[in-house]
Amino acid sequence: MRTTYAIALLTLFSWNCASSEHRPIVARSGSWRMSLDLRSTPEAPQVVLPFLFDLTADSAGLHMTVHNGEETIQVDDIVQRKDSVFIRMPLFDSEFKGVLRNDSTYVGHWYNYLKGTDYRIPFVANAGIHDRIPSISPPMADISGNWECHFANGTPDAYPALGIFRSVRGRITGTFGTETGDYRFLDGALSGDSLQLSAFDGSHAFLFTAKLRNDSLIGRFYSGIHGQEPWVGVRNTAFKLGDPDSLTHLKEGHDMVEFRFPNIDGGEVSSSDARFKGRVMMVQVMGSWCPNCMDETILLDEMYADYHDKGLDVIALAFERTTDPYKAVHALKEYRDRLNVRYDILYAGTSSKEVASERLPFLDHIMSYPTCIFIDRLGKVRRIRTGFYGPGTGEHYENYKRNLRAFLEQLLAEAPVIARKAA
């Protein structure tokens, strides 16, 4: 009898162990902090890029919301197999692959496939942390305002930037604007004399560090694990970058834009199609892989919705990172659907600037993605804007948005082709 009872207990114990071994760990809901390890080699000093996210669960599964300053990114493509969790970022071809060690710890690697199949960055995520960058001591100064910044000084890759910072009790948000765009939503802190700003959007992993020395910031910029460069900044409210409307031009002998590319929904679209005659056009040179292009797309779609019935058309010419046309079109359809884009997106080729220059021979060069070409009712190019200052630049974005509306309304108010011919 005792033997039978012992066997029964042993069987029950074994079943419970087996059951617990196969029962997946349930991640805690709430605030989490992710730390990406940007060391280029294991022997190098640790460089941590932090960002915050919230994790929630419902009947459909896990959901993640990434925070970068005022930006939130909703991530719903999350798969859990036992204790392994795979998080696919929206729009950009990247994902987290990791394991839940317990309900509050998730470890693994972030893979950015646009940079190659072997590009990966180790990470550790912990639940229950609410500070992106802990403030160890009060900030030594209020760095709010505009700063004149210079990156990679003394090298052939040197470039200027406008630092735009907002400070609230040591928390710093803002961005850097360059002549080809901005570094989007940065978030961090000034603790004592040490500044840290970071951003993660599924495409870029940016970390800016600096020390405040009198009236200067002296620091380093890390872009993922392969890029880093020094930067310096001084407070300068009068500093301005080059005019983004003066960086890209039509080649001599050209005053119009001509192209014909396949629409991602089938068929071809040409700039000379009858439906565009007498209408104002914005031609957006972009790529689904480009976060600045995403910011511009959202604004252009808003303009399209407001002014299409008054004579405005928008066409995107997409240059994609993949060389596979099928994958490129698939990525562009996901991009369109995610952002609810209402205007035409055409597949123009790969994102090499040489390819883009070949496909768009009327431009002197392609300096940056995005580039936007403004065409009046007569088909003449009136303006070419290089790069884009997005909502992360605050008032600079709002000023551009107001100026864009005014410029479009000016073009739309001009007499169309037929009326001018009749006159």
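Rules of the game
- Residues numbered from 1 in each chain as written.
- Predicted model: local features only at pLDDT ≥ 70, side-chain atom pairs only at ≥ 80, totals over all residues.
- Heavy atoms only, no water.
- Salt bridge = Lys/Arg side-chain N within 4 Å of Asp/Glu carboxyl O.
- Helix = DSSP H or I, 4+ residues; strand = E, 2+ residues; numbered from the N terminus.
- Buried < 20%, exposed > 50% of the residue type's maximum accessible area, 1.4 Å probe, protein only.
- Pairing = 2+ DSSP bridges.
- Axes fitted to C-alpha atoms, helices over the stretch in contact; angles between N-to-C directions.
- pLDDT = per-residue confidence, 0-100.
- Contact = heavy atoms within 4.5 Å.
- 1 Å grid on protein atoms, 1.4 Å probe; cavity = no way out; pocket = protein on both sides within 12 Å on 5 of 7 lines; lining within 4 Å.
- Points joined across faces, edges and corners; volume = space filled by probe spheres on them.
- Nonpolar A, V, L, I, M, F, W, Y, C, P; charged D, E, K, R; others polar.

A. The arrangement of the pattern of salt bridges in detail. Under the definition given, this model contains 24 salt bridges. Aspartate 344 is the partner of arginine 275 in a salt bridge, and the nearest nitrogen-oxygen pair spans 2.7 Å. Here arginine 275 is found in the loop between β20 (268–270) and β21 (280–286), whereas its partner aspartate 344 is found in strand β23 (residues 344–350), with 69 residues between them in sequence. Judged by relative accessible area, which is 46%, arginine 275 ranks as partly exposed. Between arginine 336 and aspartate 337 there is a salt bridge, and its shortest N-O distance comes to 3.2 Å. What makes arginine 336 buried here is its relative accessible area of 18%. One network of salt bridges, with partners in common, ties together Glu71, Arg184, Asp201 and Asp295.

B. Spatial organisation of the sheet that holds strand β6 (residues 84–88). An order of β4-β3-β2-β1-β9-β8-β7-β6-β5 is seen for the nine strands of this open sheet, with the pairing classed as antiparallel. Unpaired on one side and paired on the other, β4 (71–75) and β5 (77–81) mark the two borders of the sheet. For this sheet, the mean angle separating the axes of adjacent strands, direction not counted, is 25°. As defined by bridge partners, strand β3 (residues 61–68) adjoins β4 across five bridges and the pair is classed as antiparallel. When the bridges of β4 are listed, threonine 65 appears paired with glutamine 74.

C. Local environment of the confidence of the model for the chain. On average, residues of the chain score 90 in pLDDT, and 93% of them are at 70 or above. Taken as a whole, residues 4–19 scores under 50 in pLDDT and shows zero contacts with residues more than four places along the chain or in a different chain. Low pLDDT, under 50, characterises residues 419–423; the predicted model gives this stretch three contacts beyond four residues in sequence or across chains.

D. Fine view of empty space enclosed by the protein. Tallied over the full model, the rule gives four cavities of 30 Å³ or more. Of all the elements in the fold, those that place two or more residues in the lining of the largest cavity are β2 (48–58) and β6. Broken down by class, the residue content of the lining of the largest cavity amounts to nine nonpolar, no polar and no charged. Of the volumes computed, that of the second largest cavity is approximately 40 Å³. Together, Trp110, Asn112, Lys115, Tyr119, Ser203, His204, Ala205, Phe206, Ser223 and Gly224 line the second largest cavity. Of the residues in the lining of the second largest cavity, the class split is four nonpolar, five polar and one charged.

E. Representation of the layout of surface pockets in the model. For the largest pocket, the calculated volume is near 830 Å³. Looking at the lining of the largest pocket, the elements with two or more residues in it are β13 (181–182), β17 (216–223), β18 (227–235) and α2 (291–307). When residues of the lining of the largest pocket are assigned to their parent elements, the largest contribution, three residues, is made by β18. Its residues assigned to classes, the lining of the largest pocket comprises ten nonpolar, eleven polar and seven charged. Its volume calculated, the second largest pocket comes out at about 620 Å³. As for the second largest pocket, its lining consists of 23 residues, and the residues nearest its centre are Arg88, Leu91, Asp93, Ala331 and Glu334. Of all the secondary structure elements, the ones that give two or more residues to the lining of the second largest pocket are β4 and α3 (325–339). Among the elements that take part in the lining of the second largest pocket, α3 stands out by supplying five residues, more than any other.

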